[in-house]
Amino acid sequence: MSTVVIVGTQWGDEGKGKITDYLAREADFVVRYQGGSNAGHTVVVDGDEYRLHLIPSGILYEDKTCVIGNGVVVEPGVLCAELDYLHGKKRRIGSLRISDCAHLVMPYHRCLDEIAEESRGADKIGTTGRGIGPAYMDKAARVGLRVGDLLDPEGFRRQLQRNLERVNPLLQKMYNRPGFDPDELAAEYLGYAEQLRPYIADTSLVIDEAIRQGKNVLFEGAQGTLLDNDHGTYPFVTSSHPVAGGACIGAGVGPTKIDKVIGVAKAYTSRVGDGPFPTELFDDVGAWIREQGQEYGTTTGRPRRCGWLDAVILRYAARLSGLSGLAVTRLDTLSGLPTLKICTGYLYKGERLTEFPHRLEVLRECQPVYEEMPGWQEDISHLNSYEALPETAKRYLQRIVELVGVPIALISIGRERAQTIGLEDAF
Ligand code: IMP
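Just so it is clear, the structure is predicted and the values come from calculations on it, not from any experiment.

Rules and cut-offs
- Residues numbered from 1 in each chain as written.
- Predicted model: local features only at pLDDT ≥ 70, side-chain atom pairs only at ≥ 80, totals over all residues.
- Heavy atoms only, no water.
- Helix = DSSP H or I, 4+ residues; strand = E, 2+ residues; numbered from the N terminus.
- Rg over C-alpha atoms; globule rule 2.2 N^0.38 Å.
- Buried < 20%, exposed > 50% of the residue type's maximum accessible area, 1.4 Å probe, protein only.
- Contact = heavy atoms within 4.5 Å.
- Areas by Shrake-Rupley, 256 points an atom, 1.4 Å probe, with all protein chains shown as cover.
- Lys, Arg positive; Asp, Glu negative; His and termini not counted.
- Charge placed at Lys NZ, Arg CZ, Asp CG, Glu CD.
- Near = heavy atom within 4 Å.
- Polar contact = N/O pair within 3.5 Å; in protein donor to acceptor, adjacent residues only side chain to side chain.
- Nonpolar A, V, L, I, M, F, W, Y, C, P; charged D, E, K, R; others polar.
- 1 Å grid on protein atoms, 1.4 Å probe; cavity = no way out; pocket = protein on both sides within 12 Å on 5 of 7 lines; lining within 4 Å.
- Points joined across faces, edges and corners; volume = space filled by probe spheres on them.
- Patch = residues over 30% accessible without salt bridge, like charges linked within 9 Å, V, L, I, M, F, W, Y side chains within 5 Å.
- Salt bridge = Lys/Arg side-chain N within 4 Å of Asp/Glu carboxyl O.
- Domains from an automatic or database assignment.
- Buried area = accessible area lost by both parts, 1.4 Å probe.
- Pairing = 2+ DSSP bridges.

The next thing to look at is the overall build of the protein chain. In terms of regular secondary structure, the protein chain is built from 12 helices and 20 strands. At 22 Å, the protein chain has a C-alpha radius of gyration in line with the 22 Å of a compact globule built from 427 residues. In terms of principal-axis extent, the alpha carbons of the protein chain reach across some 65 × 50 × 40 Å. Counting only residues that meet the buried cut, the protein chain has 58% of its 427 residues in that class. In the protein chain, 76% of the contacts between residues at least 6 apart in sequence involve partners at least 24 apart. Summing over all exposed atoms, the protein chain offers an accessible surface of approximately 17300 Å²; the carbon and sulfur share of this is 48%. If the 48 positive side-chain charges of the protein chain are averaged to one point and the 58 negative ones to another, these points end up 2 Å apart.

Take a look at the structure:
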């Protein structure tokens, strides 16, 4: 039996979906534990591309159970559309369980997300606009509606009415926007309830039973370490906890039940949305990486900011999540660059920093200190072993291991499942 958490080590979009899909071959259960439809994972199977936002990547295996844990915020319209999309693809899929404790994203959350961004002006966070922050705000304020409430129409209508008595005046009087009609909203959401009813469960219990039976369970994080609400580049973060500890809360499992934590790291760094990014490249190399790696957001289509690999960030992620292994993705994207750079520390007002600073005004002033290494020119996307990689690629990977202090468990060299080199058994 084994339980593995997969976390993003950077600012999201590290390729967690692909790694989850790859490791899911050995898993019986795949569990999402935080975030919502702000996430987007693209999985390519047999040349077919699948884009998902809420349903775990493991759904593409018919013998797996996928779980949307209590820590996820669920927009039921998006979830129903994803189920229809998967059924429409005529591919046999796995089974799905949705936590009755997961909170619902309501249309007014999207509206409040948009208003909050507008009001921040130049300091905007660059959210995905999916209502994630306001949904988690309602959860923390203890006024949120949960998936389980969909099964109690009267209770659902009552709480919705109460919420709209608070939200509608705010929208109408303060922001000059239309309010929401409680009857219309209730009808829409209780309609989704009919489609979702068979999937709703006490998922903490489902996972506990699986672990007791010796099943392999994979916990799939969304976003990344530096978008963590506590540990990321606050306030340019999301409103949940992508770090490994988030899996315990967001899935309802105890920490002693987690065996391994795999941190997914791109072979370079990217970020969507605003906020500091010390190794960001504003030159032709940055643009080249973006085009080569097709670095455009799955959820919003925004071009991603690209830069060199930052080992300070990876060490920070290794500490926060207790990483036992790294999965290095997009190594193939770097093929063709004559020289590669790795950031090993920051210079701040003449002082060398080797740990990630929390204060944004410090981070903003940090100049990356780089180590240069020769690149490789060969196309590596068809290789199937570590030994077959060019010597310079091996040296690049070894240097990452030395700097981060975590072994590499997997290397991804393309979008297809088959373009993955496993260096150790994950389970
Ligand atoms: P929110 O999660 O929509 O509130 O957005 C907050 C920040 O997290 C913004 O910078 C987003 O661009 C970023 N973000 C949210 N989800 C993802 C993701 O799946 N990948 C990368 N960045 C994300």
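In this section: the site of the ligand. Close contacts around the ligand come from 15 residues, with Asp-13, Asn-38, Thr-128, Thr-238 and Arg-302 the closest. One of the side-chain N or O atoms of Thr-128 is found 2.6 Å from an oxygen atom in the ligand. Between the ligand and Gln-223 there is a distance of 3.1 Å, counted from a nitrogen atom to a side-chain nitrogen or oxygen. The protein chains hide 97% of the 460 Å² of surface that the ligand would expose on its own. Of the residues that constitute the shell around the ligand, the class distribution is 6 nonpolar, 7 polar and 2 charged.

Before going further, it helps to examine the layout of surface pockets. The computed volume of the second largest pocket comes to approximately 160 Å³. Elements that contribute at least two residues to the lining of the second largest pocket include exactly helix H4 (132–140) and helix H8 (245–251). In terms of residues, the lining of the second largest pocket owes the most to one element, H8, which gives 3 residues. Classifying every residue of the lining of the second largest pocket by side-chain character gives 3 nonpolar, 8 polar and 1 charged.

Residues Leu-170, Met-174 and Tyr-175 make up a contiguous nonpolar surface patch of about 280 Å² in total accessible area. The exposure class of Tyr-175 is partly exposed, given its relative accessible area of 32%.

We now examine the side chain of His-109. Assignment of secondary structure puts His-109 in helix H3 (residues 107–120). Of the polar contacts made by the side chain of His-109, one reaches the side chain of Asp-138; its length is 2.8 Å. If sequence neighbours within four positions are ignored, His-109 has contacts with Leu-104, Gly-131, Pro-134, Ala-135 and Asp-138.

Another aspect to go through is unusual backbone geometry. As a rule of thumb, non-glycine residues mostly have phi less than zero, and peptide bonds are mostly trans rather than cis. At the junction of Tyr-234 and Pro-235, the peptide bond is cis and its omega measures out at 5° in the coordinates. Take Pro-235: it is sitting in the loop between strand S10 (217–220) and H8. Although it is not a glycine, Gln-223 adopts a positive phi angle of roughly 55°. With relative accessibility at 9%, the residue Gln-223 sits in the buried group. Notably, Gln-294 is not glycine yet its phi reads approximately 45°, a positive angle. With respect to the helices and strands, the residue Gln-294 is situated in the loop between helix H9 (284–292) and strand S13 (305–307).

Let us look at the domain arrangement of the protein chain. Taken domain by domain, the protein chain consists of domain 1 (3–95 + 202–422) and domain 2 (103–197). In this complex, domain 1 contributes 29 residues to the contact, which on the side of domain 2 involves 21 residues. Here domain 1 meets domain 2 over a buried area of about 2000 Å², counting both sides, of which 58% is carbon and sulfur. For the domain 1 face of the interface with domain 2, the top three residues by lost area are Val-73, Glu-75 and Pro-76, together amounting to 26%. Arg-110 is the partner of Glu-75 in a salt bridge, and the nearest nitrogen-oxygen pair spans 3.0 Å. Where domain 1 touches domain 2, the interface holds 9 residue pairs in polar contact (both at pLDDT 80 or more). Where the side of domain 1 that touches domain 2 is concerned, the elements lending two or more residues are strand S6 (73–74) and helix H2 (76–88). At 7 residues, the largest contribution of residues to the side of domain 1 that touches domain 2 is made by H2. Its residues placed into classes, the side of domain 1 that touches domain 2 shows 11 nonpolar, 14 polar and 4 charged.

So, on to the pattern of salt bridges. This model, assessed by the stated rule, comprises 26 salt bridges. Put simply, Lys-394 and Glu-391 hold a salt bridge, and the shortest N to O gap is 3.1 Å. Of this pair, Lys-394 and Glu-391 both sit in helix H12 (residues 391–404), 3 residues apart, which is roughly one turn of the helix. You can call Lys-394 buried: its relative accessible area is 11%. Through salt bridges with shared partners, a single ionic network connects Asp-13, Lys-266, Glu-295, Arg-304 and Arg-330.

Take the environment of Glu-220 next. Within the element layout of this structure, Glu-220 appears in strand S10. Non-local contacts of Glu-220, meaning those with residues more than four positions away in its chain, are made with Ile-6, Gly-17, Thr-20, Val-30, Val-31, Arg-32, Tyr-33, His-41, Pro-56 and Ser-57. Reaching out from Glu-220, the side chain makes a polar contact with the side chain of Ser-57 at a distance of 2.8 Å.

With that settled, the discussion passes to the pairing of strand S5 (residues 65–68). Burial of the side chains of S5 extends over both faces: Thr-65 and Val-67 are buried on one face and Cys-66 and Ile-68 on the other. Two strands pair when backbone bridges link them, and strand S2 (residues 29–32) and S5 are joined in this way by 4 bridges, in the parallel orientation. Within S5, the residue paired with Val-31 across the bridge is Val-67. Pairing between S5 and strand S7 (residues 95–99): 4 bridges, direction parallel. Counted as the bridge partner of Ile-68 is Ile-98 from S7.

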